[in-house]
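# Observations on the model geometry
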Amino acid sequence: MPVKTPVYLDHHATTPIDPRVLEVLQRVQRDQFGNPASSGHAFGWAAAKLVDTAREQVAALLGAGAREIIFTSGATESNNLALLGCAEAYAARGRHLVTTNLEHEAVELPLAHLAQGGWRVSTVAAGTDGLMIPEAISSALTADTVLVSMIAAQNEIGTIQPLAEVGRICKDRGVILHTDAAQAAGRIPLDVDALGVDLLSLSGHKIYGPKGVGALYVRRRNPRVSLIPRQQGGGQERGLRSGTLNVPGIVALGEACRIAAHELTDESRRLLELRDRFWHRLREGLSGVHLNGAEKPRLAGNLNVSFEGVGSRKLLTQLTQLAVSTGSACSSADAGPSTILQRIGLTPEMAGASLRIGLGRFTTVQEVDFAANRIVAVVASLRDGGTEAE
Ligand SMILES: *Cc1c(COP(=O)(O)O)cnc(C)c1O
């Protein structure tokens with residue numbers, strides 16, 4: 001059976017909604033319009049009960065308590081609330097923050113904003129394998145460091161960062177640890193206590209849930225983390241995120257987390273097999289292919305590959321049957337080669353010769369074979385100076 005094209009291989013940018021999640025989303029959207037803050041009648045109670053369950057489901061995915069989950073509009077908002085809210089709450093403790101050079105713009109830019117406001121921000125560089133060295137983070141800490149923010153799994157190269165080690169270092173030094181886990185949540189096991197994480201951001205649409213909903217985990221004990229809210233109003237979400245709750249989105253996020261927690265182990269095993277098959281086919285079919293970032297530890301569904309001598313723009317225009325990308329979805333509008341790849345030591349040429357391939361829950365072996373064959377054919381033909389007919 002021929003595969004249906006275009007084949008979606010861009011699961012780091014967003015994921016399709018899981019049919020089971022969609023079913024929940026539609027049901028709540030249709031049948032439950034109550035405001036969970038309406039404490040005087042059954043419509044409000046029903047909505048509040050649904051939100052409670054969702055809060056427990058999100059918490060369970062992270063080994064957290066339900067009261068530690070704040071619902072937001074997505075990982076961008078969660079990151080902003082965590083970073084700006086923490087900085088404002090703890091400014092008296094010191095004015096120093098530590099981060100990495102592997103962060104998403106939704107961490108990088110709030111921190112740049114704080115830097116403009118007088119905070120010192122130290123950016124620790126990853127190794128050429130795309131992994132942070134815990135000792136390097138440790139060395140960056142000073143007596144007035146308030147917070148470390150380190151991405152959990154990188155959104156372009158999929159490398160999984162040493163959170164547990166950095167968590168231990170932060171605990172020893174009394175520093176708050178935030179992680180942007182938009183790519184990691186639901187894809188690798190995360191336990192906030194085992195990892196020593198105090199603040200964690202996640203996003204619905206990266207885990208087969210809807211867009212426009214996310215969560216922030218905020219530790220309530222050992223230590224209890226305070227945040228200054230970014231918006232004022234009705235005092236929802238323990239005053240940290242005022243505004244009427246997106247009940248259908250929240251319930252759907254809960255269901256997405258429930259499914260992820262349940263299926264994570266099997267799913268990552270399956271994705272790893274598909275990923276290895278894909279990578280094997282590329283290497284078999286072509287010379288001059290390089291995997292960017294360490295092969296391990298890496299998200300099971302991620303491949304980031306450079307093809308010597310082939311510009312990725314040109315490659316993409318020839319690969320119309322595939323939905324792949326050249327870098328992060330947010331930055332691919334500016335046509336330049338990935339800065340993340342250059343930060344881990346790739347030349348602009350090699351960074352500009354890369355493809356990010358993200359396999360997901362519904363990717364089939366037929367799609368993998370089809371995609372690998374297309375890439376091999378198009379790269380070979382571009383190297384020949386020709387244009388491959390689709
Ligand atoms: C997608 C992504 C975000 C942004 O999440 P939204 O929910 O779209 O705001 C932030 N950080 C990382 C690492 C991401 O992959």
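Residues numbered from 1 in each chain as written. Predicted model: local features only at pLDDT ≥ 70, side-chain atom pairs only at ≥ 80, totals over all residues. Heavy atoms only, no water.

For the rest of this paragraph, the subject is unusual backbone geometry. Going from T5 to P6, the amide bond is cis rather than trans, its omega being -5°. Mapped onto the fold, P6 is located in the segment before strand 1 (7-8). Omega for the peptide link from N222 to P223 comes to -10°, which places this bond in the cis form. With respect to the helices and strands, the residue P223 is situated in the loop between strand 8 (214-218) and helix 8 (247-285). A positive phi angle is found at Y208, which is not glycine, with a value near 65°. Along the chain, Y208 turns up in the loop between strand 7 (199-203) and strand 8. A positive phi angle, close to 55°, is found at E237, a residue other than glycine. Structurally, E237 is set in the loop between strand 8 and helix 8. (Helix = DSSP H or I, 4+ residues; strand = E, 2+ residues; numbered from the N terminus.)

Tallied over the entire structure, the rule returns 19 salt bridges. Between D198 and R219 there is a salt bridge whose closest N-O contact spans 3.0 Å. In this pair, D198 sits in the loop between helix 7 (192-195) and strand 7 while R219 sits in the loop between strand 8 and helix 8, placing the two residues 21 residues apart along the sequence. Residue E267 pairs with R361 through a salt bridge whose shortest N-O separation is 2.7 Å. Of the two residues, E267 sits in helix 8 while R361 sits in the loop between strand 12 (354-358) and helix 12 (365-383), which places them 94 residues apart along the sequence. Among the residues examined, E267 registers a relative accessible area of 13% and is labelled buried. R361 gets classed as buried once you look at its relative accessible area, which sits at 10%. Among the ionic contacts, a cluster of salt bridges with common partners joins D18, R20, E263, E267 and R361. (Salt bridge = Lys/Arg side-chain N within 4 Å of Asp/Glu carboxyl O. Buried < 20%, exposed > 50% of the residue type's maximum accessible area, 1.4 Å probe, protein only.)

The strand order across the open sheet built from three strands is 9-10-12, with neighbouring strands paired in antiparallel fashion. Strands with a single pairing partner mark the edges of an open sheet, and in this sheet they are strand 9 (289-291) and strand 12. The sheet shows a mean angle of 25° between the axes of neighbouring strands, taken without regard to direction. Helix 8 rests against strand 9, strand 10 (302-307) and strand 12 of the sheet, and its axis sits at about 10° to strand 10. (Pairing = 2+ DSSP bridges. Axes fitted to C-alpha atoms, helices over the stretch in contact; angles between N-to-C directions. Contact = heavy atoms within 4.5 Å.)

Within strand 3 (residues 96-100), five of the five residues are buried, which leaves it mostly tucked inside the rest of the structure. Side chains of strand 3 alternate between two faces, with H96, V98 and T100 and L97 and T99 buried alike. As defined by bridge partners, strand 3 adjoins strand 4 (residues 120-124) across five bridges and the pair is classed as parallel. Each bridged residue has a counterpart across the sheet, and for T99 the counterpart in strand 4 is T123. As judged from the four bridges shared by strand 3 and strand 5 (residues 145-149), these two strands associate in the parallel manner. Bridge pairing in strand 5 links V98 to V148.

Further remarks concern the packing of helix 1 (residues 19-31) against helix 8. Running from amino to carboxyl end, helix 1 crosses helix 8 at an angle of 155°, the nearest separation of the two axes being 8 Å. Looking at the two axes, helix 1 sits roughly antiparallel to helix 8. For the pair helix 1 and helix 8, the sense of crossing is right-handed. Across from R20, V21, V24, L25, V28 and Q29 in helix 1, the residues of helix 8 making contact are V247, P248, G249, V251, A252, E255, A256, I259 and E263. (Parallel < 35°, antiparallel > 145°, perpendicular 65-115°, else oblique. Left-handed = near helix turned anticlockwise from the far one by under 90°.)

Below, the discussion takes up the site of the ligand. In the region of the ligand, the neighbouring residues are G74, A75, T76, H104, I151, N155, D180, A182, Q183, S203, H205 and K206. For the ligand, an oxygen atom lies 2.5 Å from a polar atom in the side chain of T76. In this structure, a nitrogen atom belonging to the ligand sits 2.6 Å away from a side-chain N or O atom of D180. (Near = heavy atom within 4 Å. Polar contact = N/O pair within 3.5 Å; in protein donor to acceptor, adjacent residues only side chain to side chain.)

Here the domain parsing of the protein yields domain 1 (7-16 + 264-383) and domain 2 (19-259). Here the C-alpha centroids of domain 1 and domain 2 sit 28 Å apart. Each partner contributes residues to the interface: domain 1 has 31 residues there, and domain 2 has 33 residues. For the domain 1 and domain 2 pair, buried surface summed over both sides reaches about 2,700 Å², with 54% attributable to carbon and sulfur atoms. Considering only the side of domain 1, the residues that lose the most area to domain 2 are L264, L299 and R361, jointly responsible for 24% of the buried surface there. In this structure, the connection of domain 1 to domain 2 is made through one salt bridge. With a closest N to O distance of 3.1 Å, R343 and E108 form a salt bridge. The interface formed by domain 1 and domain 2 holds 17 residue pairs in polar contact (both at pLDDT 80 or more) in total. Those elements that place two or more of their residues in the side of domain 1 that touches domain 2 are helix 8, strand 10 and helix 10 (339-343). Its residues placed into classes, the side of domain 1 that touches domain 2 shows eleven nonpolar, 14 polar and six charged. (Domains from an automatic or database assignment. Buried area = accessible area lost by both parts, 1.4 Å probe. Nonpolar A, V, L, I, M, F, W, Y, C, P; charged D, E, K, R; others polar.)

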